[in-house]
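Topology and contacts: notes
Letter by letter, the chains look like this.
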Amino acid sequence: MPDWRAYVRERLPLDGLRPELAQDVIDDLAAQLDEAYREHVARGLADAAATAATTAHITDWLELARQLAASRRLTLPVLERVERRAADAALEGHRLAGAIAGLTYDLRRLVRLRRHGGYHLFAITTLAATVGVNLIVFTIVNALWLRPMPFPDADRLVAVTGMAFVGLGSPVLQPFEAAAGQVMTSHQNEGLRPRIAFAGVGRDIETIGVTPEYFRLLGLTVHGRDFTPDDDRVGAEPVAIVSYRLWSRDFGGRSEIVGAAVAARPVPIRIVGVAPPDFHGAQRGEQADVWIPSRLVARVATSPPPDGAFVPPMQVFARLRPGDTAATVTQRLRDTGADPRAMENLALVPVKDIFGSPDSRTIVIREGHAFRLVAGLGVLVLIGGCATLMALVLVHYERRRREQAVKIALGASRLRLARELSIELGVLAVGGSIGAVLVTTWGLAALPSLSLPGGVDLGRLDLSMDWRVFAVAIGTTVLTLVGAAWLPVRRFTRARLAGELIAGPTATASVSSHRMRQALLALHVSATIVVLVTAGLFVRAVIHGFGGAPGFDANRMLSVTLRVDTPLTGFQAPEAWMAAYADRTARVKEAIRGLPGVADVAEGRPPIDPESARQMLAPRTVKTRGEQQELIVGTLFGSSELLSTLGVPILAGRGLTRADADVVPTPAVVTASLARRLWPDGGLFALGQDFVVGTGRDGGRYEVVGIAGDFVFGSLARPADGVVVILNRAGGNRFVVRAASPETLSGAIRQAVGGVVSGVSLIKVETGRDIIARDLGRQRLGAWFFSGFGLAALILGVGGVFGLVAYLAESRRREFAVRLALGATPRDLMRYSLRAALTPVSLGVMTGLALAAVVARLFASLLTGLTPLDPLTYAVVGVTMVGCAALAGWVAAWPLRRMMPSEALRTE
Amino acid sequence: MADHDLKKGSTELLILALLDARPRHGYELGKLIETRSGGRLTFRIGSLYPVLVRLEDRGLITGRWTEKPGERRRRFYRLTAEGRKTLETRRIAWEDFADAVNQILRSRHA
């Protein structure tokens, strides 16, 4: 009888079929031929005839092979076929074929990873969140602190702050190499904002008024010519230096523009030079495109005082002489014997530490605690992400332990296993990086709507990515991945893993990995607790901020801010200008008051003003007849109806009236708490008393005519010790409106004001709640940010507990079966498994709470009305974590309830 | 002998129908078709085997090696649940089709 298996194998070409299935095909066909042969023989055919009759069953072997190759089940995937052919060719000595075989092998491994899709998705998401959040944090740090200034030798450039006014000729500037000034155009001086509109340039152009020395002081070379002292004379031809950006984008980079007079509003301007590329202002936050001489500001400002009366307030920049430091120069200035009171608040701040923009006061961003908070936040996120990822990777490889053991037993080298794992981790790294870029992009797009401590407007920062950001992105990804995967990879590529095949899955190695998972769980839980406590504290601070009474009726209040383009000009005397200004203010008030639903309107700013809070809340010397105190005293200027419009009650004495305008000392209403601090008996005793606030030019003498109820001034996070309310004799561009439904009035107010004041370009209408929301921007940012990450960390932590208990229940099946056989109940086993998971959770919770108490101190100043040790927050977070962990563990241990010892042991 | 196209179009249905009763090995299927058709339908192993592979690919049948004491090792094919459903559908369709064709043929001779 022929060997039918050999017969088929010789004739049927099975290249490209899966080896194990090809053998099946051969065996099946051989068995059928054998059956046919036996039947022919049984019918009485001779061997040769029976063989011939049998072989007639298959005549076209190539056609049969072709039909079999059409089966997707039988054939090898393309990659594997290529790999096999390349491997065969490599055996024949083709070197390139060997490389192709290796490459296709790696590619096949990559394709097979989709089997673990859930694990990869989870790991990539964790990596993306961890790296993305760190990148966002670092991009802000980079923009605020690290990015080099766009001019040389920035370390020697300082801003002279803390003095009411420093003229450039002042002896105060003697110790410096050079000095220059920049007109202050914050919204305190809204009317001084230069507004230039070039013909053909539609957008609003940010313009800064500077003294002629400005570009030289910064060490910048202007293309064309720099400003000269002649340009800064009253009546000189209007000239400007434009940014490279404006010149190249809006003027097409044409060289003839430089030196040419260009049509512009309100006056034609000669462009004398172009600033170096990427320069948009000396301070971080400036996005200027045009610089004009400081004297020109008076002619192009929104609503400047009359010519001649205009002395622009200057921000002075100075360059230290080589060898000098800010501290030595400050000391030298104080030693010169100049007016000591004027020198009291003098500070030299490196320009690179300043954030300034036309919409916010200059802010010193060299805040140690802010930097520590931001850096600490990044580290916390990194630790949490690493712990989560490490637990994930460990669990993943724990499940594949047997697979690895088989591979080692079959002779796979450690190098090969490490290579396989590297490919897998590479996939995580690539996926995580793409995810991180998405998280960062979305995060940075959302950031400008939020603000940082100190009121830094993130929208004005240069948040573009530079090499530092990329370096940190790569570094963080590698650090996270190496930190998370190093240990698992080391454990699963070691040679003795093969011994587990013999010892079974309950070998001692499982015990050690179980301990490691417990340790990781504890680490993860403690990081989660810190994030959750931080989130909880911020959420509570926001709730407190919205719920707490600010002392004025924020719910029925509107703040209206105007920006008037048409300046009040043509007045010879300041008095005439002031009268016109007051008249315009009165017209605006009447227009608003006439609207239905408006109860009252007053000129003045709302007491809470997030942008100016820092400047408003500086400590000042307050003198009464008996003593002198350092207090944070706010001064609220406004029309006589301001307090009643705000809903602040007068507790004693009277409110302000128009008759108080020219009285000396200035009549003032003080808040009750300030009255108590200045005059220990407070109350009525304070009425009629006089006091002095501040020193030097800023100082003023006031007489108490009334005592008002306490209200928050400046910021909810750090309110003033008290407020002095005085009458604003001139007009103003800010108004407070009292209405039953303030949110419905916005459009009507815009229309009404636009009808009585010509040339109004901006009417900003905000409800009291909007202002509080803005004031709580940092807390809201913290609440959103930490809540999001805390929730993700909680879910990962709960998943970790579930995985640990499920793993325990599975890996200790044999042990549990023996225990059951010896009399333990399923309930005992569930308790045991739960205890194994809840012990590290409890440890993590305790460590986390202790750590959170330390971390919370870093941002204690942001916690409005809360202590960093708020017991409710800590209790809720602790109980939530333990409760969620217990629930997850209970669900995971549930299958143990029906465990039968005999069944469990049999499956072993 | 039946027409080649008719045979080709009905092979799958024949195999499914024969596997409906019980699992059978490949050669047995060929023999049964021949026997039950009175010798009018014959299939060689070389033409029946690719059909079996195709049916298995589509999940209508599944093959399993069986080795009984005193017998040789053979691969038995059985219907899957999906295969059973397909058989029912195709059986009805075939009967409808054959009925319709028969009616036409008979009416022509009437």
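Residues numbered from 1 in each chain as written. Chains lettered and ligands numbered in written order. Predicted model: local features only at pLDDT ≥ 70, side-chain atom pairs only at ≥ 80, totals over all residues. Heavy atoms only, no water.

**Focus: the confidence of the model for chain A**
Interpretation of the predicted coordinates at a detailed level should be avoided for regions scoring low in pLDDT. For chain A, per-residue confidence averages 78 on the pLDDT scale, and 78% of positions sit at 70 or higher. With pLDDT under 50 throughout, residues 503-509 of chain A is counted as low confidence; its partners more than four residues away or in other chains account for 8 contacts. (pLDDT = per-residue confidence, 0-100. Contact = heavy atoms within 4.5 Å.)

**Observations regarding unusual backbone geometry**
Residues and elements named next belong to chain A. Across the junction of arginine 265 and proline 266, the peptide omega takes the value 0°, indicating a cis bond. As for its placement among the helices and strands, proline 266 is situated in the loop between strand 8 (264-265) and strand 9 (269-274). Here the amide bond leading from valine 664 into proline 665 is cis, since omega sits at -10°, within 30 degrees of zero. Examined against the element boundaries, proline 665 turns out to sit in the loop between strand 22 (650-653) and strand 23 (666-671). One non-glycine residue with positive phi stands out, namely aspartate 153, at about 55°. In this fold, aspartate 153 is placed in the loop between helix 7 (117-146) and strand 1 (157-161). For aspartate 153, a relative accessible area of 39% translates into the label partly exposed. In this model, aspartate 278 sits at a positive phi of 70°, which is unusual for a non-glycine residue. Looking at where aspartate 278 falls in the secondary structure, it is placed in the loop between strand 9 and strand 10 (290-293). For aspartate 278, a relative accessible area of 64% gives the class exposed. (Helix = DSSP H or I, 4+ residues; strand = E, 2+ residues; numbered from the N terminus. Buried < 20%, exposed > 50% of the residue type's maximum accessible area, 1.4 Å probe, protein only.)

**Brief notes about the interface of chain B and chain A**
Across the contact, 21 residues belong to chain B and 24 residues belong to chain A. Both faces combined, the contact of chain B with chain A buries some 2000 Å², and carbon together with sulfur accounts for 53% of it. When residues of chain B are sorted by the area they lose upon contact with chain A, Tyr27, Ile45 and Tyr49 of chain B head the list and together hold 33% of the total. The salt bridge involving glutamate 39 of chain A is made with lysine 31 of chain B; its shortest N-O contact spans 2.9 Å. (Buried area = accessible area lost by both parts, 1.4 Å probe. Salt bridge = Lys/Arg side-chain N within 4 Å of Asp/Glu carboxyl O.)

**Quick word on the packing of aromatic side chains**
Residue and element names in this part refer to chain A. Applying the stated rule across the entire model yields 14 aromatic pairs over all chains. Centre to centre, the rings of tryptophan 4 and tyrosine 7 are 5.3 Å apart; their planes meet at 80°, and the pair counts as edge-to-face. Note that tryptophan 4 and tyrosine 7 are positioned in helix 1 (residues 4-11) at a spacing of 3 residues, about one turn of the helix. Relative accessible area serves as the criterion here: at 14%, tyrosine 7 is assigned to the buried category. When the centroid spacing of 6.3 Å and the interplanar angle of 50° are considered together, the rings of phenylalanine 215 and phenylalanine 227 count as tilted. Of this pair, phenylalanine 215 sits in helix 8 (residues 214-218) while phenylalanine 227 is found in the loop between strand 5 (223-224) and strand 6 (239-242), placing the two residues 12 residues apart along the sequence. Classification of phenylalanine 227 by relative accessible area gives buried; the value is 2%. Site record: aromatic cluster; members linked through ring pairs are Tyr214, Phe215, Phe227, Phe279 and Trp291. (Phe/Tyr/Trp six-rings, centres within 6.5 Å; stacked < 30°, edge-to-face > 60°.)

**Observations concerning the packing of helix 2 (residues 19-42) of chain A against helix 3 (residues 47-55) of chain A**
All names here are of chain A. The geometry of helix 2 relative to helix 3 is characterised by a closest axis approach of 9 Å and an angle of 140° between their N-to-C directions. Here helix 3 runs oblique to helix 2, going by the angle between their axes. In the crossing of helix 2 with helix 3, the sense of the turn from one axis to the other is right-handed. Contact residues: Leu33, Ala36, Tyr37, His40 and Val41 in helix 2; Asp47, Ala50, Thr51, Ala53 and Thr54 in helix 3. Partitioning the contact of helix 2 with helix 3 into residue classes produces 6 nonpolar, 3 polar and 1 charged. (Axes fitted to C-alpha atoms, helices over the stretch in contact; angles between N-to-C directions. Parallel < 35°, antiparallel > 145°, perpendicular 65-115°, else oblique. Left-handed = near helix turned anticlockwise from the far one by under 90°. Nonpolar A, V, L, I, M, F, W, Y, C, P; charged D, E, K, R; others polar.)

**Quick word on the confidence of the model for chain B**
For chain B, the mean per-residue pLDDT works out to 87, and 89% of the residues sit at or above 70. Under the prediction, the complex receives an ipTM of 0.93, its pTM being 0.54.

**A word on the sheet that holds strand 1 (residues 24-25) of chain B**
The pairing of strands in a sheet happens through backbone hydrogen bonds and is either parallel or antiparallel. Residues and elements named next belong to chain B. The antiparallel open sheet is built from 3 strands, whose spatial order is 1-3-2. For this open sheet the edge positions go to strand 1 and strand 2 (61-66), each flanked by a neighbour on one side alone. In the sheet, strand 2 pairs with strand 3 (residues 74-79) via 6 bridges, with the strands oriented antiparallel. Across the sheet, residue isoleucine 61 finds its bridge partner in strand 3, namely leucine 79. Helix 3 (residues 45-57) rests against strand 2 and strand 3 of the sheet, and its axis sits at about 110° to strand 2. (Pairing = 2+ DSSP bridges.)

**Looking at the nonpolar core**
The biggest cluster of nonpolar side chains holds 45 residues, and the ones touching the most others in it are Val8, Leu12, Leu29 and Leu68 of chain A together with Ile15, Tyr49 and Ile61 of chain B. Mapped onto this core, the elements with two or more residues apiece are helix 1, helix 2 and helix 4 (61-69) of chain A together with helix 1 (4-21), helix 2 (26-36), helix 3 and strand 3 of chain B. Sorting elements by how many residues they give to this core places helix 2 of chain A first, with 9 residues. Aside from chain neighbours lying at most four places away, what touches isoleucine 15 of chain B is Leu29, Leu48, Val51, Leu52 and Leu55 of chain B. (Core = buried A, V, L, I, M, F, W, Y, C linked by side-chain atoms within 4.5 Å.)

**A few points about the pairing of strand 6 of chain A**
Residues and elements named next belong to chain A. What you see with strand 6 is no split at all: Val239 and Ile241 on one side and Ala240 and Val242 on the other are buried throughout. As paired elements, strand 6 and strand 9 share 4 bridges and run parallel to each other. By the bridge assignment, alanine 240 is partnered in strand 9 with isoleucine 271. By the bridge criterion, 2 bridges tie strand 6 to strand 10 in an arrangement that is antiparallel. Paired with isoleucine 241 across the strands is tryptophan 291, a residue of strand 10.

**Some remarks on helix 2 of chain A**
Here helix 2 of chain A contains 24 residues, and its C-alpha end-to-end distance of 34 Å stays within 8% of the 34 Å for a straight helix at 1.5 Å per residue. Of the residues one or two after helix 2 of chain A, glycine 44 of chain A is the one with positive phi, at around 105°. (Expected span 1.5 Å × (residues − 1).)

**Topic: the pairing of strand 24 (residues 690-693) of chain A**
Residue and element names in this part refer to chain A. A two-sided burial pattern is seen for strand 24, the buried positions comprising Asp690 and Val692 on one face and Phe691 and Val693 on the other. Pairing analysis gives 2 bridges linking strand 19 (residues 620-623) to strand 24, with the strands arranged antiparallel. Across the sheet, the residue bridging to valine 622 is valine 693, located in strand 24. Sheet topology places strand 24 next to strand 25 (residues 700-708); 4 bridges connect them, and they run antiparallel. Bridge assignment links valine 693 to a residue of strand 25, and that residue is glycine 700.

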